[in-house]
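Spelled out from the first residue to the last, the chains are:
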Amino acid sequence: QEKVNRIRAQNRINVHGCDIPDPVCTFEELLSEYRLNPRVLQNLRDAGLSSPTPIQMQAMPLMMHGRELLACAPTGSGKTLAFCLPLLAQLQQPANQGFRGVIISPTRELASQTYRELLRLSEGVWFRVHIIDKASLAAKKYGPQSNKKYDILVSTPNRLIFLLKQDPPAVDLSSVEWLIVDESDKLFEDGKTGFREQLATIFLACSGPKVRRAFFSATCTADVEQWCRLNLDNLVSVNIGHRNT
Ligand code: ADP
Ligand code: ADP
Ligand code: MG
C-alpha cells in the first residue's frame, strides 16, 4: 500500500472514492491482469507508445473493474487512450450484439479524432467502430432492421439525440455496456440544462443491465463534479496534477 501511495504521489494522481484498484505502471499489465488483446498492445507499440501516462495509469484499471468515474487531466495528457483501451479490453472481441460502447464528444472534429484512434488501436482485431455521418442512412445502418454488426459508436450529442428521437428510434442502445463522455466540462458549460437533458435521454436509451458511465474532462468544474456526484454509482474521481479541491 505504501508503494501504491508512492506511485500515485510521484505521478501526481489524486483519487477519491472507495476500493480503488492500484494504478498500472506498464501497458503489459493490461494483458496479464485484464486480458487485453495482445494485438491491441502491438498496435500501441507500433504507434510508438511505450508506457502509460498518469491518467491512463489510474483510469484504465478503474474502468477494467467496471467502476463509474470522473477523470480530470490536462489537455494533451492522453485521455483518449485512457478510455479507449479499457473499452476494447472489456468488449474482448467483435460481436453482433449491437453497440456495446458509446463515446460522446462535444464536436464532430473531436469525434472523428477519437474514431480514428479507435480504428488504429483495433487494427487486426476488427472491432466495428462507427461515427454517425448521414442521418438519412443511419436508420438503415443501425435501426431495427440492421444486422447489428457493430461494436462502438462515436458521436456528438446532437446527432445521437436526432437518431434516438426518430420513430422508431434509428439506433438501438440497449446493449451498451460503457457510455463515455469526453470533454464533459465543455458539454456541461454552455447549455444550462441542454446537455443534461440530452444525457438523460441517451442514458435512458442505454436500457441494458450492464451500462456504466465514465466522464473525462480537462478541468474538473463544479458543474461536472456535482452532476457526477449526484448521478453516478459509487463514484471514483481521479485528478491529475493538483490536489483535490
Ligand atoms: P487529451 O485527450 O488528454 O487532451 P490525447 O488523448 O488527445 O490527450 O493525447 C495527446 C497526445 O498524446 C496524442 O498525440 C497521443 O497519441 C499521445 N499519447 C497518449 N498516450 C500516450 C502515451 N502513453 N505515451 C506517449 N504518448 C501518448
Ligand atoms: P452536431 O455538429 O452537434 O452533430 P449538426 O450541426 O450536425 O450538430 O446538426 C444539428 C441538428 O441537425 C441536429 O441536432 C439534428 O437535429 C440535425 N441533423 C442534421 N444532420 C444530421 C445528421 N447527419 N445526423 C444527425 N442529426 C442531424
Ligand atoms: Mg481529449
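Let me sum up the structure you'll find in this document.

1. Focus: the environment of Gln 113
With respect to the secondary-structure elements, Gln 113 resides in helix H6 (residues 108–121). Residue class for Gln 113 comes out partly exposed when judged on its relative accessible area of 41%. Once the C-alpha coordinates of Gln 113 and Thr 80 are considered, the two residues, 33 residues apart in sequence, prove to be 9.2 Å apart.

2. Looking at the sheet that holds strand S6 (residues 178–181)
Pairing between sheet strands relies on hydrogen bonds along the backbone, with the strands arranged either parallel or antiparallel. Taken together, eight strands build an open sheet; the order of strands is S1-S8-S2-S7-S6-S3-S5-S4 and the sheet is mixed. Across the chains shown, the open sheet's two edge strands, defined by having one partner strand only, are strand S1 (13–16) and strand S4 (129–131). The sheet shows a mean angle of 15° between the axes of neighbouring strands, direction not considered.

3. Concerning the environment of Cys 228
Residue position: Cys 228 is located in helix H11 (residues 222–231). Cys 228 sits 13 residues away from Phe 215 along the chain, and the two C-alpha atoms are 8.2 Å apart. What Cys 228 contacts, discounting residues up to four positions off in sequence, is Leu 70, Phe 215 and Leu 235.

4. Structural notes on helix H10 (residues 194–205)
Given a rise of 1.5 Å per residue, twelve residues ought to cover 16 Å, and the 17 Å separating the end C-alpha atoms of H10 matches this to within 8%. Looking only at H10, the buried set comprises Phe 195, Gln 198, Leu 199 and Ile 202. The buried residues of H10 all sit within an arc of 100° when viewed along its axis, so they share a single face. Seen from the open side of H10, the exposed residues pointing more than 90 degrees away from its buried face are Glu 197 and Leu 204. The inward-facing, buried residues of H10 abut strand S3 (101–104), helix H8 (157–164), S6, helix H9 (184–189), strand S7 (212–217) and H11.

5. Some points on the packing of H8 against H10
The N-to-C vectors of H8 and H10 enclose an angle of 50°; their axes lie 10 Å apart at closest approach. By the criterion of interaxial angle, the relationship of H8 to H10 is oblique. The interaxial crossing formed by H8 with H10 has left-handed handedness. Across the interface between the two elements, Pro 157, Asn 158, Leu 160, Ile 161 and Leu 164 from H8 touch Phe 195, Gln 198, Thr 201, Ile 202 and Ala 205 from H10. Here the contact of H8 with H10 is composed, by residue class, of seven nonpolar, three polar and no charged.

Rules and cut-offs
- Residues numbered from 1 in each chain as written.
- Chains lettered and ligands numbered in written order.
- Predicted model: local features only at pLDDT ≥ 70, side-chain atom pairs only at ≥ 80, totals over all residues.
- Heavy atoms only, no water.
- Helix = DSSP H or I, 4+ residues; strand = E, 2+ residues; numbered from the N terminus.
- Buried < 20%, exposed > 50% of the residue type's maximum accessible area, 1.4 Å probe, protein only.
- Pairing = 2+ DSSP bridges.
- Axes fitted to C-alpha atoms, helices over the stretch in contact; angles between N-to-C directions.
- Contact = heavy atoms within 4.5 Å.
- Expected span 1.5 Å × (residues − 1).
- Arc of directions from axis to C-beta.
- Parallel < 35°, antiparallel > 145°, perpendicular 65-115°, else oblique.
- Left-handed = near helix turned anticlockwise from the far one by under 90°.
- Nonpolar A, V, L, I, M, F, W, Y, C, P; charged D, E, K, R; others polar.

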